[in-house]
Amino acid sequence: MQPTSCSSEPNQRIARIAAHLNPPNTQMGESSGPARWNCRAKGGSSGFKVAILGAAGGIGQPLAMLMKMNPLVSVLHLYDVVNTHGVTADISHMDTGAVVRGFLGQQQLEDAVTGVDVVIIPAGVPRKPGMTRDDLFNINAGIVKTLCEAIAKCSPQAIVNIISNPVNSTVPIAAEVFKKAGTYDPRRVLGVTMLDVVRANTFVGEVMGLDPREVDCPVVGGHAGVTILPLLSQVKPPCSFTQKEIDYLTDRIQNGGTEVVEAKAGTGSATLSMAYAAVKFADACLRGLRGDAGVVECAYVSSQVTELPFFASKVRLGRAGVEEIYPLGPLNEYERAGLEKAKKELAESIQKGVSFVRK
Ligand SMILES: NC(=O)C1=CN([C@@H]2O[C@H](COP(=O)(O)OP(=O)(O)OC[C@H]3O[C@@H](n4cnc5c(N)ncnc54)[C@H](O)[C@@H]3O)[C@@H](O)[C@H]2O)C=CC1
Ligand SMILES: O=C([O-])CC(=O)C(=O)O
């Protein structure tokens, strides 16, 4: 039997492994060249480069794990201001195709986002019981702004998936940063509202005795309280709900995040279901980039579906990012009333985000 062919000499192979087991000193704030810590010199698969910013966090870690399992990903950049190396070492041992590289601290941010196709941002603080998502604005607005400045500079062509709350304001913040840098492409900045859809499908499935994988419930508007507007009249397969069921489902979907925050009792908010939803959404973006037809998901994007500059609705994803935004379709009276409430709160959150960057 012929030995497996390999381009490098055994000594070089060992040296390469040793180099990655003894990474350069990359404590926060220290810098040591562009390729910080490559956990493998060569990738096995051809595919897309994805960066996760906030990769050591509650969402970031399972998200990194699931993206490492995604066959469309060939290179995975993990960036955080703490603990990136541990997460990178851990995930790099998974025998899947993607090469994993870790980046730690602000000085390595630009390297982390250079040349990537998709950037996913779950960086920032989560809620504690009693807080609204807007209460996170003071800390997370600045974090998202800084991260987007680096993306605008180093990867202006990347598709950006924003998870950090309050999404209703952080997406407008990102848009303003890209506008300022002269690199804004509204098709490439997407607020991740997928968890609302995931929850809606689950809860509708529970009520109707359906497999949640067969349920498709559009959720439009935004990602906080009353701005989360499930369109139960458009659920597929078509379902006939009683008013009591509509009230229950609307309330549960709008407050699903708070349900988890309270259950976690001060230790954080949804992380595992969010990582699942983020991967589902990022995978849709990657399939769109690959040129797959008919990739449609809900997302919070620059939009003309209502008079507001940003709104979540069904969008078709393609090579350029958001290639089509679908109208809301027929709403019943209950949903029309919900839409008016949602728009009022959304308008304020959008303005708050825009003003933060323009001030
Ligand atoms: N869009 C959505 O549906 C959801 C959004 N979220 C939001 O996601 C965000 C993250 O949540 P968790 O992962 O649970 O929080 P976490 O606190 O567990 O993790 C956040 C990570 O961000 C990192 N980080 C902080 N500042 C950073 C910076 N300047 N650059 C890079 N990384 C930085 C932290 O070091 C930490 O590792 C929160 O704002 C939360 O509200 C959470 C669930 C659902
Ligand atoms: O509720 C939170 O703070 C986190 C979040 O956005 C969600 O779980 O939908």
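By the naming in an unreviewed UniProt entry, the chain is Malate dehydrogenase, taken from Linum tenue. The Catalytic activity (unreviewed entry) field of the UniProt record for the chain holds the comment "(S)-malate + NAD(+) = oxaloacetate + NADH + H(+)".

Engineer: I'd love a proper account of the packing of aromatic side chains, names of residues and values included.
Structural biologist: The final tally for this structure, using the stated rule, is 2 aromatic pairs. On the basis of an interplanar angle of 90 degrees and a centroid distance of 5.5 Å, the ring pair of Phe 137 and Phe 356 is categorised as edge-to-face. Of this pair, Phe 137 sits in helix H5 (residues 137–154) while Phe 356 sits in helix H11 (residues 333–358), and the two are 219 residues apart along the sequence. Between Tyr 300 and Phe 310, the ring centres sit 6.2 Å apart and the planes meet at 40 degrees, which makes this aromatic pair tilted. On the criterion of sequence distance, the pair formed by Tyr 300 in strand S9 (residues 295–302) and Phe 310 in strand S10 (residues 310–318) is long-range, its members being 10 residues apart. Each of the two residues, Tyr 300 as well as Phe 310, counts as buried.

Engineer: Could you give an account of the site of ligand 1, naming the residues involved and the relevant values?
Structural biologist: Taken together, the neighbourhood of ligand 1 is formed by 29 residues, with Gly 58, Ile 59, Asp 80, Val 125 and Asn 165 sitting nearest. Within the contact set of ligand 1, an oxygen atom lies 2.9 Å away from a backbone nitrogen or oxygen of Ile 59. One of the backbone nitrogen or oxygen atoms of Val 192 is found 3.3 Å away from a nitrogen atom of ligand 1. Considering ligand 1 on its own, with 860 Å² of exposed area, one finds that the protein chains cover 86% of that surface. Mapped by element, the contributors of at least two residues to the shell around ligand 1 are strand S2 (73–80) and H5. For the shell around ligand 1, the leading source of residues is H5, giving 3 residues. Split into classes, the residues belonging to the shell around ligand 1 amount to 18 nonpolar, 10 polar and 1 charged.

Each value, and the rule that gives it
- Residues numbered from 1 in each chain as written.
- Chains lettered and ligands numbered in written order.
- Predicted model: local features only at pLDDT ≥ 70, side-chain atom pairs only at ≥ 80, totals over all residues.
- Heavy atoms only, no water.
- UniProt positions renumbered as here; feature names shortened; annotations may be inferred.
- Phe/Tyr/Trp six-rings, centres within 6.5 Å; stacked < 30°, edge-to-face > 60°.
- Helix = DSSP H or I, 4+ residues; strand = E, 2+ residues; numbered from the N terminus.
- Buried < 20%, exposed > 50% of the residue type's maximum accessible area, 1.4 Å probe, protein only.
- Near = heavy atom within 4 Å.
- Polar contact = N/O pair within 3.5 Å; in protein donor to acceptor, adjacent residues only side chain to side chain.
- Areas by Shrake-Rupley, 256 points an atom, 1.4 Å probe, with all protein chains shown as cover.
- Nonpolar A, V, L, I, M, F, W, Y, C, P; charged D, E, K, R; others polar.

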